[in-house]
Amino acid sequence: MESLILDGDDRRTLLDIAREAIRSRLAPGTRHPAPGTEGALSRRCPAFVTLRRGDQLRGCIGHVEADRPLVDVIARAAVAAAFEDPRFPPVTAAELDEISIEISVLGPMQQVPDLSTIEVGRHGLVVQSGAKRGLLLPQVPTEWGWDRDTFLDQLCLKAGLPRGAWRTGAEILCFEADVFGDSDLPRRIR
C-alpha cells in the first residue's frame, strides 16, 4: 500500500462521514446520503478515528488492515470510537456538538531495523511479540511530551508487554499517517 495524502475536500468529506455515522447511531431511523466512493475515498486504507471533548480523550478506535474502502473504515471506526471504546461511556446526543473528531489515515507499515531512525511526532509505531500487539499513532508521543524511549515503553505497555520489551526482541514496525481534524477544517453548513 502506498501513502495516501488527501485533499481538503476529501478530508472534509471524511470528517462529515464520521460525524454523521455517530449522529445516525444516536437517532436510529435517520438516513444520510452515502458519499461517492471514488478516487482516494475508495482506496483500501487503515485508519483511526479519535474523539475528544475539550482536551479530554473521549474515544479512539481504528482498523489496521487495508481491506476496506476508506469511507467504510471511517464510518465504522467513528461509531466504534463513540460507542464501543471500553475506556469510556457511550457518547450521548447532548454532547455530540462538543465532540471534536480527528482522523488518522495510516500509511504502509515497515519494520524498524534501527530504532534510532524513529522520529517522535512523525512515526506511529506497532509492537508485536507472540500474540500481543499494540499501536500508538504518531501524534500520541508529542501530545504527552514523550521522548523515543518513553514512546517505545508506552507502546509495550499498551500491548500488555513489560517496559523495555522493545529492547529484548519484540518486533517494532513504524508508519506515517495523514492526520487531520475538525480544528483543521471548518464544518460544512447544512
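Please refer to the structure placed before this passage.
A brief report on the enclosed structure follows. (Residues numbered from 1 in each chain as written. Predicted model: local features only at pLDDT ≥ 70, side-chain atom pairs only at ≥ 80, totals over all residues. Heavy atoms only, no water.)

### A look at helix 2 (residues 70-83)
(1) Moving on: In this model helix 2 runs 20 Å from its N-terminal to its C-terminal C-alpha over 14 residues, within 8% of the 20 Å that 1.5 Å per residue would give.
(2) Moving on: Across the 14 residues that make up helix 2, a large majority, 11, are buried.
(3) Moving on: The complete set of buried residues in helix 2 reads Leu70, Val71, Val73, Ile74, Ala77, Ala78, Val79, Ala80, Ala81, Ala82 and Phe83.
(4) Moving on: The inward-facing, buried residues of helix 2 abut helix 1 (8-26), strand 1 (47-53), strand 2 (56-63) and strand 3 (99-106). (Helix = DSSP H or I, 4+ residues; strand = E, 2+ residues; numbered from the N terminus. Expected span 1.5 Å × (residues − 1). Buried < 20%, exposed > 50% of the residue type's maximum accessible area, 1.4 Å probe, protein only. Contact = heavy atoms within 4.5 Å.)

### With respect to the sheet that holds strand 1
Each strand in a sheet pairs with another by means of backbone hydrogen bonds, the pair being arranged parallel or else antiparallel.
(1) Moving on: One open sheet holds the 4 strands; their spatial order is 2-1-3-8, and the pairing between them is antiparallel. Whereas interior strands pair on both sides, the edge strands pair on one side only; in this sheet they are strand 2 and strand 8 (177-181). For this sheet, the mean inter-axis angle between neighbouring strands, taken without regard to orientation, is 15°.
(2) Moving on: Relative to strand 8, strand 3 runs antiparallel, the two being bridged by 5 bridges. (Pairing = 2+ DSSP bridges. Axes fitted to C-alpha atoms, helices over the stretch in contact; angles between N-to-C directions.)

### Focus on the sheet that holds strand 5 (residues 124-129)
(1) Moving on: Taken together, the 4 strands give an open sheet; going across it, the order is 4-7-5-6, and neighbouring strands pair in antiparallel fashion. A single partner strand is all that each edge strand has here, and the edge strands are strand 4 (110-111) and strand 6 (132-136).
(2) Moving on: The sheet contact formed by strand 4 and strand 7 (residues 171-175) spans 2 bridges and is antiparallel. Looking at strand 7, one finds that Gln111 is bridged to Leu173.

### A closer look at the nonpolar core
(1) Moving on: Counting 30 residues, the largest nonpolar core has Leu14, Val49, Leu51, Leu70, Ile74 and Ile103 as the members making the most contacts within it.
(2) Moving on: Looking at this core, the elements that each hand over two or more residues are helix 1, strand 1, helix 2 and strand 3.
(3) Moving on: If near-sequence neighbours (up to four positions away) are discounted, Ile103 is found in contact with Leu14, Leu15, Phe48, Val49, Ile74, Asp178, Val179 and Phe180.
(4) Moving on: Core analysis: the next-biggest nonpolar cluster, separate from the first, contains 26 residues, Leu106, Val126, Leu137 and Phe175 among them. (Core = buried A, V, L, I, M, F, W, Y, C linked by side-chain atoms within 4.5 Å.)

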